[in-house]
Amino acid sequence: MRRLLAGLATGTFLLVTAACGSSGGSSSTTGSSGGTTTVKVGIIPIVDVAPLYLGQKEGFFGKRGLTLSTTLAQGGAAIVPGVTSGQFQFGFSNMTSLMIAQSNGVPVQAIANGVASTGVAGKDFGALVVKKGSSITSPKQLEGKKVAVNTLKNINETAVRESVRKAGGDPDKVDFVELAFDQMPAALDKGQIDAAMAVEPALATMKLQGATEIASPLVDVAQNLTVAMYFTSTSYAQKNPAVVKKFQEAVAQSLSYADAHPDEVRQVVTTYTKTPADVLAKVTLPKWPAEANRSSIETLEKLSERDGLFKTAPDLDKLLP
């Protein structure tokens, strides 16, 4: 666990700034000018957060007096300390990282749904893939193999472990390595890793390279799994309830809009990733439901506890909205 917490702290330095709308400057507190409040949001450069960019573009945040200033990170584990330190007012993180933080007494609070699995095996936005021509055809064969996940001890590792388990293998014998999503296609193609647990758009890139999908780990966890949520620190939520409410409302409207406009989702992804048009055409979009699926999160909690990620179980009543 000490290694995990060190990883959370180290991950903060992996952040690189990218603007979404107006810049928020260098201050670590919420900025306000002319009735508009600028809030800093830590996110990951993946298709999951497309609704946030669409919401900014369509004015869903602006009409509520909010301007977003976004910072890109490798994974949710790196965003958590940024939010709790006040570097960001809001963040996007997978549920496992949020539950680990909450179980360790880190003051985080999920406030809005983020993204969900499609629930369809073989047609999900996240998948476990191997290189073209690989002899690996089942997750069971990953014992002793090198498998890439974007950050260790997060939802993707837990999900792959469940796929290995369901295939009759021992997940403790898998060699998990940490690699950013956008670095996975080259690493797989060069044979530096044996398999990768990727989400879009990296997944589509690898499939165009000939990669073969051997499992849909997020579906293996739960059919309609809540994969990630937007969150804030408990202190920020207590001190700024009006801003939090505006952010929640704007995110909810953005999620609904994204679900109804898939073509615009693909287009906006080009504004914060370097994804070519031919790859975007192949991208499998996730689901963006308005509400989190509590039962799926409870299932994920049990699996994470089985994998030894918690000293004490997280309090979902305090973590979830």
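Procedures and definitions
Residues numbered from 1 in each chain as written. Predicted model: local features only at pLDDT ≥ 70, side-chain atom pairs only at ≥ 80, totals over all residues. Heavy atoms only, no water. Helix = DSSP H or I, 4+ residues; strand = E, 2+ residues; numbered from the N terminus. Buried < 20%, exposed > 50% of the residue type's maximum accessible area, 1.4 Å probe, protein only. Areas by Shrake-Rupley, 256 points an atom, 1.4 Å probe, with all protein chains shown as cover. Axes fitted to C-alpha atoms, helices over the stretch in contact; angles between N-to-C directions. Parallel < 35°, antiparallel > 145°, perpendicular 65-115°, else oblique. Contact = heavy atoms within 4.5 Å. Nonpolar A, V, L, I, M, F, W, Y, C, P; charged D, E, K, R; others polar. Pairing = 2+ DSSP bridges. Salt bridge = Lys/Arg side-chain N within 4 Å of Asp/Glu carboxyl O. Polar contact = N/O pair within 3.5 Å; in protein donor to acceptor, adjacent residues only side chain to side chain. 1 Å grid on protein atoms, 1.4 Å probe; cavity = no way out; pocket = protein on both sides within 12 Å on 5 of 7 lines; lining within 4 Å. Points joined across faces, edges and corners; volume = space filled by probe spheres on them.

Asker: Give me the overall build of the protein: which residues, what numbers.
Answerer: Helices and strands together make up the secondary structure of the protein, namely 14 helices and 12 strands. Scored against the burial criterion, the 321 residues of the protein give a buried share of 55%. Counting only carbon and sulfur atoms, one obtains 48% of the accessible surface of the protein, whose full area is about 13100 Å².

Asker: Could you give an account of the packing of helix α2 (residues 50–58) against helix α11 (residues 262–269), with specific residues and numbers?
Answerer: One way to put it is that α2 packs onto α11 with a least axis distance of 9 Å and a crossing angle of 95°. Comparing the axis directions of α2 and α11 gives the class roughly perpendicular. Together, A50, Y53, L54 and E58 of α2 and E264, V265, V268 and V269 of α11 make up the contact between the two elements. Here the contact of α2 with α11 is built from residues that sort into 6 nonpolar, no polar and 2 charged.

Asker: Any chance you could break down the sheet that holds strand β10 (residues 195–199) for me, citing the residues and the numbers?
Answerer: Consider a sheet: its strands pair through backbone hydrogen bonds, and that pairing is either parallel or antiparallel. If you trace the 5 strands from one edge of the open sheet to the other, you get β9-β8-β10-β7-β11, paired in mixed fashion. Bordering the open sheet on either side are β9 (175–178) and β11 (212–215), each of which pairs with just one other strand. In this sheet, neighbouring strand axes are inclined to one another by 35° on average, regardless of whether the strands run parallel or antiparallel. Of the strand pairs in this sheet, strand β7 (residues 126–130) and β11 are connected by 3 bridges, and their pairing is antiparallel. The residue of β11 that forms the bridge with V129 is E213.

Asker: Please set out the packing of α2 against helix α10 (residues 241–260) residue by residue, giving values where relevant.
Answerer: Two elements in contact, α2 and α10, have axes whose closest approach is 8 Å; the angle formed by their N-to-C orientations is 105°. Here α10 runs roughly perpendicular to α2, going by the angle between their axes. Between α2, through P51, L52, L54, G55 and E58, and α10, the contact on the second element is made entirely by F247, V251, S254, L255, Y257 and A258. Across the contact of α2 with α10, the residue classes tally to 8 nonpolar, 2 polar and 1 charged.

Asker: Tell me about the pattern of salt bridges, residues and numbers included.
Answerer: Applying the stated rule across the entire model yields 11 salt bridges. Where D172 meets R161, a salt bridge forms, and the shortest distance between an N and an O atom there is 2.9 Å. Pair noted here: D172 is in the loop between α5 (155–166) and β9 and R161 is in helix α5, with a separation of 11 residues, a long-range link. Using a relative accessible area of 9% as the deciding quantity, one classes R161 as buried. E162 is paired through a salt bridge with R165; the nearest N and O atoms lie 2.9 Å apart. Taken together, the residues E162 and R165, both in helix α5 and 3 residues apart, mark about one turn of the helix. Bridged by salt links that share partners, the residues K153, E157, R161, E162, R165, D172 and D307 form one connected network.

Asker: Residues and numbers for the environment of W288, please.
Answerer: Tracing the backbone shows W288 in the loop between α12 (277–280) and α13 (294–306). In this structure, the C-alpha to C-alpha distance between W288 and N113, residues 175 residues apart in sequence, is 7.8 Å. Residues in contact with W288, not counting those within four places in the same chain, are V47, D48, P51, G114, V115, L255, A258, D259 and V265. A polar side-chain atom of W288 sits 3.0 Å from the main-chain carbonyl oxygen of D48.

Asker: Give me helix α3 (residues 76–84): which residues, what numbers.
Answerer: Extensive coverage of α3 is indicated by the burial of 8 of its 9 residues. Taken as a whole, α3 has its buried residues at G76, A77, A78, I79, V80, P81, G82 and V83. Downstream of α3 by a residue or two, G86 has a phi angle that is positive, lying close to 95°.

Asker: Quick one: what's the story with empty space enclosed by the protein, residue by residue and with numbers?
Answerer: Inspection of the entire model under this criterion finds 3 cavities of 30 Å³ or more. The calculated volume of the largest cavity comes to roughly 120 Å³. Secondary-structure elements contributing two or more residues to the lining of the largest cavity are β5 (90–94), α5 and β12 (226–233). The class makeup of the residues in the lining of the largest cavity is 9 nonpolar, 6 polar and 1 charged. Quantified by volume, the second largest cavity comes out at close to 40 Å³. Per-element tally for the lining of the second largest cavity: the top contributor is helix α6 (residues 184–189), with 3 residues.

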